[in-house]
Amino acid sequence: MRGIFHRLGWIIAALIGAAVIAHTFGLHVLPPSHTGWMLTGTIGPDPVQYWLGYTFFKRSPWMWPPGLNPDWGLEISSSIFYADSIPILAFAFKALHPFVEITQYWGLWLFACGALQAVLAWKLIGLFTTHPLPRLAGAALFALSPTMLNRLGGHFALGAHFLLLAGLYLCLTRAAPWLRFVQWAALILLASLIHSYLLPMVAGLWASDWLARAVARDRRVPVLAAEAIGAPGAGVFGLYLAGFFALAGGFGGTWGGYGHMQLDLLAPFDPSPWGAMLPDLPEPDHWETGHSYAGLGALLALLLGAVAYLRRPWPWLRTRWPLLLGLSAMLAIAISHRVSIGGHIVELFELPERVQRYADALRASERFLWPFAYALLLAACVALIRGFGPRRAGVVLALLVIVQFVDMRPGFARLERYFPVGPAVAPLRLQDAFWQQAAARYQRVRLTPTGMQARHWEEIAVYAATLGLTTDAVYLARLDPAKVAALNARIVADLAAGRFEPGTFYALGSEETLAAARQGMDPARDLLAQYDGVWVLAPGWLMR
C-alpha cells in the first residue's frame, strides 16, 4: 500500500490542492468562456485589468518583444507584463487564438496554483520521509495557506507560491552542476514570465543555493561562473520578452513607496480577516494589512516543531547557512528600515534618496515574508517527523490541517462573497444604443483625461475590449507619468482647437475636457451628449 502511495501520492496531493481551490473559489470559475465572475466588480478592479490586458493583447498582431500591447493605452500603452495578465499564459493562449477561443484562463490558473502548491509540498516533505501520511497532511497544510489563497482572491499571478516551493526544493537537493544551472535558469525565467514580485524571491533562493555550491569543497568554478551570468540573465530575458522594459518611468507606482507597506511583526499572528480562533491584534494602516496570517494550524505546527526540535536537535541548520542567510535577507526586506509593531513605526534610518527611488519598485515589501514563512513551515514539519516519528507526526499534522481549516472559515466566507455564482458573461454597463452605433462608426475611443484608473476608465475600457475598439482608458500596474501628462495636455489642446483624430470619439471625464470639447466642436456636424452618465464627443456624427 505504501508503494502505491509513493508512486501516486503526488496525484493525491494535487487533488487535495485542487479541492482547497474548489472549496474556496467554486467550480464556476473554471470554464474558459465564463468571465462574469471576473467582470461583475465583486472582486475589485484587478481581475478586470487582467482580462482587459489579455483581450487587447490576443487581438493585436505579434510584435517584438512579444509582450508589447499597443492597443490598450495607445500612447501610454506598455505591455502584457504591466497588465499582470501572467505573460507566459498570455503568450500561449494568444498563439492558440486563431484556432481556439479562450476568453479567460484565470480559473484554470487558480486550480493549477493550488495543485502545484500541494505537489511541491509533497516533494519537499518527501526529502525527509517516505511515509505518505505526513507528506499528504503537510501538503494539505501548505495548500491551506491563507497567504496564497488571499492572493489568489484577487492578485491571481501573485498566487504562484509553488515557484517558491520549487526554489526551496532546488536549494535542498543536489544535481549535476550543468543540470542544476539549467533548472535554476528555467525557474527564474518562469518567475519572470509570471510576476515581478516573485522573480526577486526566486532569484534570492537561487543566490543562496549558488553561494552554498560556491563554498563547497567540490565546487565546479567554470559552471558556477557561467551560472552567475546565465541564471540572472534568464530572468532579464524573460522580463524583456514580457515587455518590462517598454516602460521608461513610473516604476515606483502611485500608492506609497518602500517602507510604507512593510511587514508588521505581529502580522503572521493577526487573524483578521482570515482567522476565527485568535483575537485580533493591532495592525498598520496600509493595503497589505491582513495578508500575512499563517493560520492557527500552521502556528501550532511551528510551536510543536520547536518542541520536537528541542527533543531531537540535528545539525542540518548549520550546514544550510547560505539558505538561512538568503531567507533572512528577504525577511529583512519585508520588514524594511521602518519597523512596524502593531502599527507603531520605528524608523531605524533613512534611505538615501537614490536608493529609495529604486527600492520603491518593491513598495509592497511585506510579500518578501513568503519564502521565509514557507521554509519555516517546512522546518516545523521536518522537526515533527524527526522528533515524534513519521506516523505520529502524520497524525499530528492531519489534526493541524483540521484546525487550520476550521480557523480559516472567515476567510473562506469572505472569498465566497467575492466570487459569487452569477451570469457567465457580465452585461456591459454602457447600455444606451449610442454605444453600439458608435462602435460601428469608430475604431478608437479616447478617455480624457486618462491616467491610472481615471474617471470612467473601467466602463470605457471594457466596452472597447468587448466591441473591438482600441482605447487609452487604462489601469496598469505601472504608468509613465510624464507620458500621461503629455497625452492629456495634447488631447485637451486638440479638443479646444477642433483637431479631432480620424476614426475616434471621446469620452469626457472632467469639466476641463468638456469645456474644451464645447469650444472646438462644430454643432452642425459633431455630437456632444451624455449617455449612461458619460459625456461623449462624437466628431462627424451628425453628417451621416
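All values reported here derive from a predicted model rather than from experimental measurement. (Residues numbered from 1 in each chain as written. Predicted model: local features only at pLDDT ≥ 70, side-chain atom pairs only at ≥ 80, totals over all residues. Heavy atoms only, no water.)

1. Some words on the pattern of salt bridges
Opposite charge on two side chains makes pairing possible when the charged atoms of those side chains draw close. One pass over the full model with this rule turns up 16 salt bridges. A salt bridge links Lys 58 to Glu 101; the shortest N-O distance between them is 2.5 Å. Here the residue Lys 58 occupies a position in helix α3 (residues 45–59), and Glu 101 occupies one in the loop between α4 (87–96) and α5 (106–126), the gap between them amounting to 43 residues. Between Asp 494 and Arg 499 there is a salt bridge; the shortest N-O distance is 2.9 Å. The class of Asp 494 is buried, set by a relative accessible area of 12%. (Salt bridge = Lys/Arg side-chain N within 4 Å of Asp/Glu carboxyl O. Helix = DSSP H or I, 4+ residues; strand = E, 2+ residues; numbered from the N terminus. Buried < 20%, exposed > 50% of the residue type's maximum accessible area, 1.4 Å probe, protein only.)

2. Some remarks on the packing of aromatic side chains
Tallied over the entire structure, the rule returns 33 aromatic pairs. Seen in terms of ring centroids, Phe 142 and Tyr 374 are 5.9 Å apart; in terms of plane orientation they differ by 20°. Their pairing is stacked. Of this pair, Phe 142 sits in helix α6 (residues 132–143) while Tyr 374 is found in helix α16 (residues 369–388), placing the two residues 232 residues apart along the sequence. A relative accessible area of 1% places Phe 142 in the buried class. (Phe/Tyr/Trp six-rings, centres within 6.5 Å; stacked < 30°, edge-to-face > 60°.)

3. What about the sheet that holds strand β7 (residues 534–538)?
Pairing is mixed across the open sheet formed by five strands, whose spatial order is β4-β3-β5-β7-β6. Because the sheet does not close on itself, it has two edges, and the strands there are β4 (470–471) and β6 (527–531). In the sheet, strand β3 (residues 444–448) pairs with strand β5 (residues 504–508) via five bridges, with the strands oriented parallel. Its bridge partner lying in β5, Leu 447 is registered against Ala 507. (Pairing = 2+ DSSP bridges.)

4. A word on unusual backbone geometry
In this structure, Pro 65 follows Trp 64 across a cis peptide bond, with omega equal to 0°. Assignment of secondary structure puts Pro 65 in the loop between α3 and α4. Residue Thr 448 is joined to Pro 449 through a cis peptide bond whose omega torsion reads 0°. With respect to the secondary-structure elements, Pro 449 resides in the loop between β3 and α20 (457–467).

5. Here's the deal with the environment of Ile 76
With respect to the helices and strands, Ile 76 occurs in the loop between α3 and α4. Sequence spacing of Ile 76 and Lys 483 is 407 residues, and the spatial spacing of their C-alpha atoms is 6.1 Å. Dropping the residues within four chain positions of it, Ile 76 is found in contact with Thr 450, Asp 472, Val 474, Leu 476, Leu 479, Lys 483, Val 484 and Leu 487. (Contact = heavy atoms within 4.5 Å.)

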